[in-house]
Amino acid sequence: MFKLKAAIIKDFRILLRDRVGILLMFVMPIILVVVVTSIQSSTFDLVNRNKLPLLVCNRDTGQASKQLVAAIGKVGMFRVYNLPANENEKLIADSMHQKDAMLGVIIPANFSVKVKAKANNVAGKALKSFGLQGDSVKQTGYVDPLTIYYNPVLQEQIRLSVQGAIRSAMQLVESRETLRSLYFSINEKPMPEKMEDEMLSNQTKINEKPVSRDGAAITPNATQHNVPAWTIFAMFFIIMSLGGSVVREKVSGSFIRLKTLPTNYVVGLLSKQVTYLVVALLQAAVIFSMGIWLFPFIGLAPLNLPGDLPALFIVTIACGWCAVSYAICVGVFSQTQEQSNGFGAVSIVILASVGGLMVPSFAMQGLFKSAADLSPMHWCLQAYYTLFLEGGRLKDVVGNIIPLVIITLLLQGATLWGLKRKNLI
Amino acid sequence: MAIDMENIGFRYPGNPDMSFSGLSLKIPKGERFGLFGPNGAGKTTLISLMTGLLSPETGAVKLLGRDLNAHSKEVNKLFGFVPQDFSFYQELSPVENLQFFGAWAGLNKRNIQLRTDELLTILGLNDVRDKQVAKFSGGMKRRVNLAIGVIHNPEILFLDEPTVGVDVQTGHAIINYLLELNKQGTTLIYTSHQLSEAEELCEHIALLDDRQIIAQDDLHQLLKDHNMENLEALFLNLTGKEYRN
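Analysis parameters
- Residues numbered from 1 in each chain as written.
- Chains lettered and ligands numbered in written order.
- Predicted model: local features only at pLDDT ≥ 70, side-chain atom pairs only at ≥ 80, totals over all residues.
- Helix = DSSP H or I, 4+ residues; strand = E, 2+ residues; numbered from the N terminus.
- Buried ≥ 20, exposed ≤ 12 C-beta atoms within 10 Å, placed from the backbone.
- Contact = placed C-beta atoms within 7 Å.
- Axes fitted to C-alpha atoms, helices over the stretch in contact; angles between N-to-C directions.
- Nonpolar A, V, L, I, M, F, W, Y, C, P; charged D, E, K, R; others polar.
- Domains from an automatic or database assignment.
- Pairing = 2+ DSSP bridges.
- Core = buried A, V, L, I, M, F, W, Y, C linked by C-beta atoms within 7 Å.
- Parallel < 35°, antiparallel > 145°, perpendicular 65-115°, else oblique.
- Left-handed = near helix turned anticlockwise from the far one by under 90°.
- pLDDT = per-residue confidence, 0-100.

**What to know about the overall build of chain A**
Here's step 1: Along the backbone of chain A there are 16 helices and 4 strands.
Here's step 2: Out of the 425 residues belonging to chain A, those deemed buried represent 39%.
Here's step 3: For chain A, the proportion of contacts with a sequence separation of at least 24, taken over those separated by at least 6, is 77%.

Dropping the structure here:
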């Protein structure tokens, strides 16, 4: 025990004098958490609260296109800028290059006529199916497509949302025309505006309710998603200091002396695990504290800690232990610090990607979905999300902790095997 | 016997050639023994075999009558090792290094403190005892290296180039300290390319060349037998003047 204590004191002293290492382990992850949360929060705001600038070039002179432009404006997602009807596509492209707008829509010249024709066609078919006379079947039911121009920097998710919003506006216009046509065919007079509005604007409301395990209705936000995720990343980032420390000790003269002393190097590895596990817990404490107290000051949503704090502590220990074991394992198998740092950094990004830190695991397909189970970060993230987002308790995360411990034990086994193979223990 | 190597055979993993084959060497207790040879002669390999850093393929190494490989951790308490490289933590101070290595050498807290004070005084490091070793001169680092090797009062002390790169004063102080340790009963196993210094320290020597012991005896007897004035002349006479890799 005295030897272990001496080794822990030694490791702490070395760690505290490694300013770059401390910077990498604490400051960098903190910056990462703040930046990623802020960016994701802004993206969320951009799509949900702010409006995307949209250029509209309406080459049509009819009512349907005007209704479409109005409907697009009412979606609430866009700030509509109308361009003159005679403007060409180049102007739209130039505007986008100048970042005046991210999107542009050209409504073709005969849009209203075609929409009306399609509406008459649909109404005619409907009347015929009711056993009433309809003559619109002779008419065409095809509307020229709208063209949406977009800046390539716009993410696919946003593009799809935009497409959905415009499609919904288009649907409204087409439904209105079809209704009018039907009403006119039956009543031989135009549909009253009031009725038209009642029929089209009577939209059923959608209530959103997060399904939590504790019944609490906390709406997830960028903070609740990002802080736990990037805390895991920070803990695994320990590899940049610990992996290098193991290699440095291994290749330095001090290791030769350690090998000639009557103490097994396993004690040294145990000391490193204790030291860096404390570091991992401190990282989590610092990042969570920032989420709770600093985030509101910089305009971000505050972090809400889970109700079951002992479970949070246990999950953090399990994640930290796994991160430390991974770093030591990489350090033992690396020949140089460059190898350890290079492989360590890249492998962590890969494990994070596969583990669902960058793209949610549920959105992954096939092989990647199965590979997620092999990433310790996946189990850490699932456990944290269960606690932070679903209001889960310890019993709910046991299923995540067990695979995490198994991966940790495998890493420990590989480390001991590597040391034995290299005649280091 | 301090060291008893019998019929040692060793080869590095992946190397088909034997580094040593049928090598035997006995070093009596309390001796100041020098191991010399050109680069690549096998000195470091031999010391690594004596300290258990490498394990022989055949034969056995005994330190003070105990089999090194059978009880390696127990036997490790008997000897100290001062490698050529600075074998300590540069981020720590001399005191912090001695605290850690003392604990790992099996000393208790009180003995570590006593030995630390004693060694830092003897080796002239008391004024810088709490300063970071990384900022020390080469000579001061050599003294820290030596202090760590002897903190647990070993019965046998292996020294691999203990004075390389130091000034005359530091070299002289280190040699005097080693002679003092030997007077107290410590067996010294020393290797170096500084042959004048070796002549001052060693009473018995072995010359290694091409992974074989080509001469081994009392230093003065060897000089007399080969009619040589000093160790350097004897060395060149027995190992030749060609470059070695």
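**Details of the overall build of chain B**
Here's step 1: For chain B, the helix and strand inventory stands at 9 helices and 10 strands.
Here's step 2: Along the three orthogonal principal directions, the C-alpha set of chain B runs to about 50 × 40 × 35 Å.
Here's step 3: Evaluated residue by residue, chain B yields a buried proportion of 42% over its 245 residues.
Here's step 4: Considering only intrachain contacts with a sequence separation of at least 6, the fraction spanning at least 24 residues in chain B is 68%.

**Thoughts on the packing of helix H8 (residues 222-236) of chain A against helix H12 (residues 309-333) of chain A**
Residue and element names in this part refer to chain A.
Here's step 1: Viewed as axis vectors pointing N to C, H8 and H12 meet at an angle of 35°, and their least axial separation amounts to 8 Å. Every residue of H12 that contacts H8 at Ile 232, Met 235 and Phe 236 is listed here: Cys 319, Gly 320, Ala 323 and Tyr 326.
Here's step 2: Residue classes in the contact of H8 with H12 are distributed as 6 nonpolar, 1 polar and no charged.

**Regarding the domain arrangement of chain A**
Here's step 1: Domain assignment breaks chain A into domain 1 (2-41 + 221-421) and domain 2 (51-201).
Here's step 2: Measuring from the centre of the C-alpha atoms in domain 1 of chain A to the corresponding centre in domain 2 of chain A gives 52 Å.

**Structural notes on the interface of chain B and chain A**
Here's step 1: The partner chain A presents 19 residues to the 24 residues of chain B that form the contact.
Here's step 2: For the side of chain B that touches chain A, the secondary structure elements donating two or more residues are helix H2 (72-75) and helix H3 (94-104) of chain B.
Here's step 3: Partitioned by chemical class, the residues of the side of chain B that touches chain A number 12 nonpolar, 6 polar and 6 charged.

**Some words on the sheet that holds strand E4 (residues 147-150) of chain A**
Residue and element names in this part refer to chain A.
Here's step 1: Pairing is mixed in the open sheet, where 4 strands are placed in the order E2-E1-E3-E4. Of all strands in the sheet, those bounded by a partner on one side alone are strand E2 (78-83) and E4. Neighbour to neighbour, the strand axes of the sheet diverge by 25° on average, direction disregarded.
Here's step 2: Against the sheet, helix H3 (residues 63-75) contacts strand E1 (52-58), E2 and strand E3 (103-107), and its axis sits at roughly 150° relative to E2.
Here's step 3: The strands touched by helix H6 (residues 156-187) within the sheet are E1, E3 and E4, with E4 carrying the most contacts at an inclination of about 150°.

**Side note on the nonpolar core**
Here's step 1: Membership of the largest hydrophobic core comes to 75 residues, with the highest contact counts inside it found for Ala 147, Ile 151, Leu 157, Phe 158 and Ile 189 of chain B.
Here's step 2: Setting aside anything within four residues of it in sequence, one finds Phe 158 of chain B in contact with Ile 47, Met 50, Thr 51, Phe 79, Phe 81, Val 82 and Ile 189 of chain B.

**Digging into the environment of Lys 224 of chain B**
Residue and element names in this part refer to chain B.
Here's step 1: With respect to the element layout, Lys 224 can be found in helix H8 (residues 219-225).
Here's step 2: Looking at Lys 224, the number of C-beta atoms within 10 Å reads 11, which means it is exposed.
Here's step 3: Sequence separation of Lys 224 and Gly 138 is 86 residues, and the distance between their C-alpha atoms is 37 Å.

**Focus: helix H1 (residues 43-51) of chain B**
Residue and element names in this part refer to chain B.
Here's step 1: Extensive coverage of H1 is indicated by the burial of 7 of its 9 residues.
Here's step 2: Within H1, the full set of buried residues consists of Lys 43, Leu 46, Ile 47, Ser 48, Leu 49, Met 50 and Thr 51.
Here's step 3: Directly after H1, the chain includes Gly 52, whose backbone phi takes a positive value near 85°.

**Notes on the environment of Lys 141 of chain B**
Residues and elements named next belong to chain B.
Here's step 1: Within the element layout of this structure, Lys 141 appears in helix H5 (residues 138-150).
Here's step 2: Accessibility expressed as a C-beta count within 10 Å gives 19 for Lys 141, which makes it partly exposed.
Here's step 3: For Lys 141 and Ala 206, which are 65 residues apart along the polypeptide, the C-alpha to C-alpha distance reads 28 Å.
Here's step 4: Apart from residues no more than four positions distant in its own chain, Lys 141 is found in contact with Phe 86, Val 133 and Phe 136.

**Side note on the packing of H12 of chain A against helix H16 (residues 394-421) of chain A**
All names here are of chain A.
Here's step 1: One way to put it is that H12 packs onto H16 with a least axis distance of 9 Å and a crossing angle of 20°. Taken together, H12 and H16 sit at an angle that is classed as roughly parallel. Considering how the two elements wind past one another, H12 and H16 form a crossing that is left-handed.
Here's step 2: Tallied by class, residues from the contact of H12 with H16 come to 22 nonpolar, 5 polar and no charged.

**Describing the confidence of the model for chain B**
For any part of a model where pLDDT is low, the fine detail of the predicted coordinates should not be relied upon.
Here's step 1: Looking at chain B as a whole, the pLDDT averages 87, with 98% of positions reaching at least 70.
Here's step 2: Here the prediction assigns the complex a pTM of 0.76, and the interface score ipTM is 0.87.

**Considering the sheet that holds strand E2 (residues 20-27) of chain B**
All names here are of chain B.
Here's step 1: An order of E2-E1-E4-E5 is seen for the 4 strands of this open sheet, with the pairing classed as antiparallel. Taken across any chain shown, the strands that pair with only one partner, and hence form the sheet edges, are E2 and strand E5 (66-67).
Here's step 2: The pairing of strand E1 (residues 3-10) with E2 spans 5 bridges and is antiparallel. From the neighbouring strand, Phe 10 faces E2, where its bridge partner is Phe 20.

**Considering the pairing of strand E9 (residues 204-209) of chain B**
Working note: regular strand, side chains alternate between the two faces of the sheet.
Residue and element names in this part refer to chain B.
Here's step 1: In terms of strand pairing, strand E3 (residues 32-36) meets E9 through 4 bridges, oriented parallel. Within E9, the residue paired with Leu 35 across the bridge is Ala 206.
Here's step 2: Note: E9 against strand E10 (residues 212-218), 6 bridges, orientation antiparallel. From the neighbouring strand, Leu 207 faces E10, where its bridge partner is Ala 215.

**Some details on the environment of His 204 of chain B**
Here's step 1: Within the fold, His 204 of chain B resides in strand E9.
Here's step 2: For the pair His 204 of chain B and Met 1 of chain B, spaced 203 residues apart in sequence, the C-alpha separation works out to 14 Å.

**Some details on the confidence of the model for chain A**
Here's step 1: Mean pLDDT over chain A: 82, with 89% of residues reaching 70 or higher.
Here's step 2: For chain A, per-element mean pLDDT is lowest for helix H4 (residues 89-97) of chain A, which scores 73, and highest for H12 of chain A, which scores 94.

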